[in-house]
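Below are the chains, spelled out letter by letter.
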Amino acid sequence: MKLSTLILKDLRRAFLNPFGLSMMFVAPLLITGLIALAFGGMGGEDAQVSIQATRLVVANLDPGSAQAGFSAGQLLTDFLMDESVSNLVQVTSMDDAEAAKAAVLGGEQGAALIIPADFTTALISDKSSTLHLYHDPTLTIGAGIVRSLIAQFVDGFSGTRIASDVTISQFSGRGLPVDEGLHHQVAQEYTAWVTSMGEQGSGQDPIGLTIRTPADTEPVENPIQGIMARIMAGMMIFFAFWTGANSALSILREDEEATLPRLFTTPTSRQTILGAKMIVCALTVAIEVVVLLVLSSLLFRIEWGSPASIALASVGLVVITAGFGVFLISFLKSSRQAGGVMGGALTMLGMLGGLFTEGIQNIPAAFKTLNLVTPHGWALKAWNASLGPGVGPDLLLAFAVLVGLGALFFALGARKFSRRFA
Amino acid sequence: MRVLDIALKDLLQIIRDRKSAIFLLAMPVVFTLFFGFVLADPGGDADQRIPVGVVNQDGTGLVADAFQTVLGASEVVRAVPLELAEGGSVDPLMAKQNLAGVVIIPTGYSQGFYEGRQPDLETVLDSSSMNGTTVQNELQTAVLRVLGAVEAAQISTEMVESRQPAQGEAEARTAWEDAFTRAVAAWSNPPFQIQSEALTTMDANDEPQAATGFVQSSPGIMVQFAVFGLLLPGTVLVDERQKRVLHRLLTTPTSRAAVLAGHWLGFFLVSFLQMAVLVVIGQFAFGVGYLREPAATLSVMVAVALMASSLGLLLGVTAKKEEQVILYALIGMFVLSAMGGAWFPLEITGKTFSTIGHFLPSAWAMDGFQNIVLRGQGFGGILLPVGILLAYTAVFFAVAVWFFRRDLRS
């Protein structure tokens with residue numbers, strides 16, 4: 001009875017504190033929401049990973065060829081201005097190459113494509129031609145996207161020339177006469193093939209590749225949902241550790257406010273009082289995790305893993321955050337030290353645990369190993385594993401480590417507190 | 001003189017607090033270091049292309065070889081040859097070797113093309129991840145080049161065949177193989193190429209820097225912690241008000257304007273000194289070219305520090321408790337950093353987000369630093385960002401003064 005009264009008193013205090021509520025619920029949802037807004041709306045079935053179109057200025061210096069009856073430069077410009085690629089590039093054209101480069105330097109354009117004067121003549125002769133793409137150095141992936149788009153089109157021209165050259169060498173090798181019509185015929189056939197590939201590639205399926213998802217990864221309809229789930233898991237873990245420590249901090253606060261010594265004078269055992277504090281610590285994190293899971297599903301349409309996986313990851317998180325919170329706070333002499341320790345230590349550990357780098361690609365493998373030096377890294381491993389199909393060995397291992405470490409931290413912290421208040 | 005006294009008092013009070021060392025210096029340096037490595041420049045010494053496993057079950061098949069050659073020349077992915085035991089699965093290998101994907105060239109892949117079919121490569125990757133999407137696009141480019149070579153060989157041999165039929169199957173196959181080999185070789189140096197380069201105003205002696213690694217993390221973390229550092233001056237003001245020190249100060253011949261200006265100057269000094277240390281560390285420890293244009297860098301630092309100190313003043317006069325200061329500083333840091341491009345470039349976000357981002361002072365602070373270290377611009381390149389930061393300074397300061405007066409009246 002005394003235990004439940006103490007627990008209810010502390011829970012009420014925890015959930016009536018606007019600052020605590022903001023850190024438990026508003027901050028993780030706000031950060032995930034901001035990142036969601038940045039990369040693809042607020043989740044849901046229709047959300048797509050989207051980035052803004054790169055502003056590209058094209059200076060087409062290619063007058064074309066009267067002999068060929070077309071301008072390759074104009075064909076490329078028309079392709080880049082086509083509605084089908086307008087989500088990737090926003091194209092304007094200029095006559096002067098220097099003015100186009102100046103527009104990039106001035107920040108009005110993200111990139112400038114200079115199509116050389118010999119572009120068409122190179123196509124109908126045996127010469128080479130180089131297009132120049134100048135980009136703003138602050139562009140990271142936009143320049144790559146523009147380059148890839150141009151390369152797709154220019155590869156068609158290169159392929160035509162290569163097909164033509166190969167055919168001529170085959171004819172010459174067999175002593176067959178090479179006439180003007182041969183070039184034309186090869187170009188026609190290769191262009192027809194390029195067109196058919198373009199039509200084939202306009203659907204969802206890649207050309208010449210059969211793709212399956214790795215066995216330990218749940219296939220998702222929408223990539224943004226997978227990324228969102230990982231980012232939300234990272235934020236939930238970070239703020240759950242904060243909540244665990246903040247709940248344990250109430251032991252010090254009550255000691256400073258002299259309510260704890262007064263409680264010790266009542267016929268309630270010290271074990272009951274401290275035990276209640278530690279149960280509150282676990283319950284607060286448990287409520288936080290459940291609320292965040294529900295709210296993130298509703299707000300960002302995140303599809304978490306199976307109920308069994310979520311249960312294991314949640315229990316593991318509650319045990320480790322409560323245990324670590326008690327352990328961390330047991331080292332403090334007063335609540336005034338809490339700001340630096342909670343802000344500094346938890347942020348550093350969260351960073352090393354990989355909580356802030358979910359979604360960044362190409363992270364060095366050493367960092368992933370380093371993650372597991374911290375309890376945060378194990379919690380992240382458990383949550384990432386819980387997103388896969390069913391309860392796998394990775395999740396079971398992470399769960400066992402979290403519970404084991406949590407129990408150890410808890411025992412050490414509780415021992416220190418018991419000695420302090422003996 | 002009184003303004004200076006108050007400013008120095010704030011400066012000493014903040015510097016003497018142990019938390020200052022953590023929040024103003026240790027954390028930003030560690031964050032810069034960490035994100036600098038995480039966002040490391042792929043152009044460094046180590047091969048940082050995305051690793052992709054290749055299982056060749058087609059032996060010495062010509063098309064299989066060609067695919068591996070084309071993929072081997074990729075600037076985006078690094079092909080890692082894998083051996084797969086009979087009946088084994090590639091999935092455990094992917095996790096073990098930290099591969100972003102695996103391509104299996106099936107038995108009979110090359111033969112399929114001789115027979116006029118277009119066999120598929122079996123690919124295992126997580127297309128819901130950024131790495132998976134990138135690998136898929138790169139594999140698609142490589143496959144299309146190989147298919148282009150197959151088509152060139154097909155067109156060529158059919159045309160030769162129409163004029164001079166081959167003497168039997170073996171000769172026809174040799175002709176096809178010869179044409180295909182020539183086509184694949186030609187793809188290593190295609191006739192139409194794209195030369196891509198970053199455009200800067202730097203001298204020929206200056207080495208252009210890419211927006212990766214420390215060049216992204218150093219100014220980003222500096223802007224982030226300029227906002228988060230508001231925590232400390234904000235706490236000083238709240239503490240003064242809670243202990244009635246501020247009200248006692250106003251009973252002295254010190255004017256309200258002098259009190260406010262003194263605090264503002266103190267906060268400015270804290271913010272400026274923090275940035276000065278981080279700029280020096282960024283330049284000499286992380287190789288970020290802040291000192292390429294010292295006067296321009298100094299101007300941006302002053303503008304950011306002025307903006308941050310005004311925001312700190314606003315935070316201090318609006319918050320009632322220390323907890324509120326922490327909360328406001330955290331929310332301010334998250335919003336200004338994420339939406340202002342301090343964590344990731346605004347270029348990779350959606351258009352709406354990017355547009356909103358440029359309504360925030362943090363985006364202009366990032367622009368100012370990037371115009372110097374990445375675009376190589378001098379004083380001319382920072383005038384607009386500095387002007388906008390000063391405008392924000394004026395707005396934040398005016399609102400802070402209004403709150404301060406209202407607070408004193410009540």
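Residues numbered from 1 in each chain as written. Chains lettered and ligands numbered in written order. Predicted model: local features only at pLDDT ≥ 70, side-chain atom pairs only at ≥ 80, totals over all residues. Heavy atoms only, no water.

Draft legend 1. Structural view of the overall build of chain B. When helices and strands are tallied, chain B shows 16 helices and 5 strands. Relative to a compact globule of 410 residues, whose C-alpha radius of gyration would be 22 Å, chain B shows 31 Å and is clearly more extended. For chain B, the spread of C-alpha atoms along the three principal axes comes to 110 × 50 × 35 Å. Per-residue burial for chain B yields a buried fraction of 55% across its 410 residues. Across chain B, contacts joining residues at least 24 apart in sequence account for 77% of those joining residues at least 6 apart. Approximately 17,500 Å² of chain B is accessible, and the part contributed by carbon and sulfur atoms is 59%. (Helix = DSSP H or I, 4+ residues; strand = E, 2+ residues; numbered from the N terminus. Rg over C-alpha atoms; globule rule 2.2 N^0.38 Å. Buried < 20%, exposed > 50% of the residue type's maximum accessible area, 1.4 Å probe, protein only. Contact = heavy atoms within 4.5 Å. Areas by Shrake-Rupley, 256 points an atom, 1.4 Å probe, with all protein chains shown as cover.)

Draft legend 2. A look at the overall build of chain A. Counting its regular elements, chain A contains 15 helices and 5 strands. A compact globule built from 422 residues should have a C-alpha radius of gyration of about 22 Å, whereas chain A, at 31 Å, is more than 25% larger. Structurally, chain A occupies a C-alpha span of about 110 × 45 × 35 Å along its principal axes. The buried share among the 422 residues of chain A stands at 50%. The long-range fraction of contacts in chain A, counting pairs at least 24 apart against all pairs at least 6 apart in sequence, stands at 74%. Summing over all exposed atoms, chain A offers an accessible surface of approximately 18,200 Å²; the carbon and sulfur share of this is 61%.

Draft legend 3. Local environment of the nonpolar core. One finds Trp304, Leu317, Ile329 and Trp383 of chain A together with Phe369 of chain B to be the most contacted residues of the largest nonpolar core, which totals 165 residues. Per-element accounting of this core gives the leading share, 19 residues, to helix H8 (residues 223-256) of chain A. Excluding anything up to four places from it in sequence, Trp304 of chain A contacts Ala229, Met232, Ala233, Met236, Leu293, Ser296, Ser297, Ile310, Trp383 and Leu387 of chain A. Counting 48 residues, the second largest nonpolar core, distinct from the first, contains Phe67, Ala100, Val146 and Val150 of chain B. (Core = buried A, V, L, I, M, F, W, Y, C linked by side-chain atoms within 4.5 Å.)

Draft legend 4. How the structure looks around the packing of helix H1 (residues 2-16) of chain B against helix H9 (residues 231-242) of chain B. All names here are of chain B. Remark: H1 packs on H9, axes separated minimally by 10 Å, with the N-to-C direction vectors making an angle of 110°. Classified by the angle their axes make, H1 and H9 are roughly perpendicular. Along this stretch, H1 crosses H9, giving a crossing that reads as right-handed. Contacts between H1 and H9 pair Lys9, Asp10, Gln13 and Ile14 from the former with Leu232, Pro233, Val236, Asp239 and Glu240 from the latter. For the contact of H1 with H9, the per-class residue count stands at 4 nonpolar, 1 polar and 4 charged. (Axes fitted to C-alpha atoms, helices over the stretch in contact; angles between N-to-C directions. Parallel < 35°, antiparallel > 145°, perpendicular 65-115°, else oblique. Left-handed = near helix turned anticlockwise from the far one by under 90°. Nonpolar A, V, L, I, M, F, W, Y, C, P; charged D, E, K, R; others polar.)

Draft legend 5. Here's a closer look at the sheet that holds strand S3 (residues 101-105) of chain B. One open sheet holds the 5 strands; their spatial order is S5(A)-S4(B)-S3(B)-S1(B)-S2(B), and the pairing between them is mixed. The sheet is open, and its two borders are formed by strand S5 (209-212) of chain A together with strand S2 (77-82) of chain B, each paired with just one other strand. Between one strand axis and the next, the sheet turns through 25° on average, direction left out of account. Pairing between strand S1 (residues 50-56) of chain B and S2 of chain B: 6 bridges, direction parallel. Bridging across to S2 of chain B, Pro51 of chain B finds its partner in Arg78 of chain B. (Pairing = 2+ DSSP bridges.)

Draft legend 6. Geometry of the interface of chain B and chain A. Taken together, the contact between chain B and chain A spans 95 residues of the former and 99 residues of the latter. Taken over both partners, the interface formed by chain B and chain A buries close to 9,000 Å², and the fraction arising from carbon and sulfur atoms is 66%. When the buried surface of chain B facing chain A is broken down by residue, Phe192, Ile194 and Leu199 of chain B rank first, second and third, together holding 10% of it. Taken together, chain B and chain A are joined by 4 salt bridges. Of the charged contacts in the structure, one is a salt bridge between Asp155 of chain A and Arg145 of chain B, with a shortest N-O distance of 2.9 Å. In this structure, the connection of chain B to chain A is made through 24 residue pairs in polar contact (both at pLDDT 80 or more). Where the side of chain B that touches chain A is concerned, the elements lending two or more residues are helix H2 (18-38), helix H4 (91-96), strand S4 (121-125), helix H6 (130-163), helix H7 (169-187), strand S5 (192-198), helix H13 (322-339) and helix H14 (351-357) of chain B. In terms of residue count, H6 of chain B provides more of the side of chain B that touches chain A than any other element does, 19 residues in total. The residue inventory of the side of chain B that touches chain A, partitioned by class, reads 54 nonpolar, 25 polar and 16 charged. Relative to S5 of chain B, strand S4 (residues 129-135) of chain A runs parallel, the two sharing 7 bridges. Along S5 of chain B, the bridge assignment pairs His132 of chain A with Gln195 of chain B. (Buried area = accessible area lost by both parts, 1.4 Å probe. Salt bridge = Lys/Arg side-chain N within 4 Å of Asp/Glu carboxyl O. Polar contact = N/O pair within 3.5 Å; in protein donor to acceptor, adjacent residues only side chain to side chain.)

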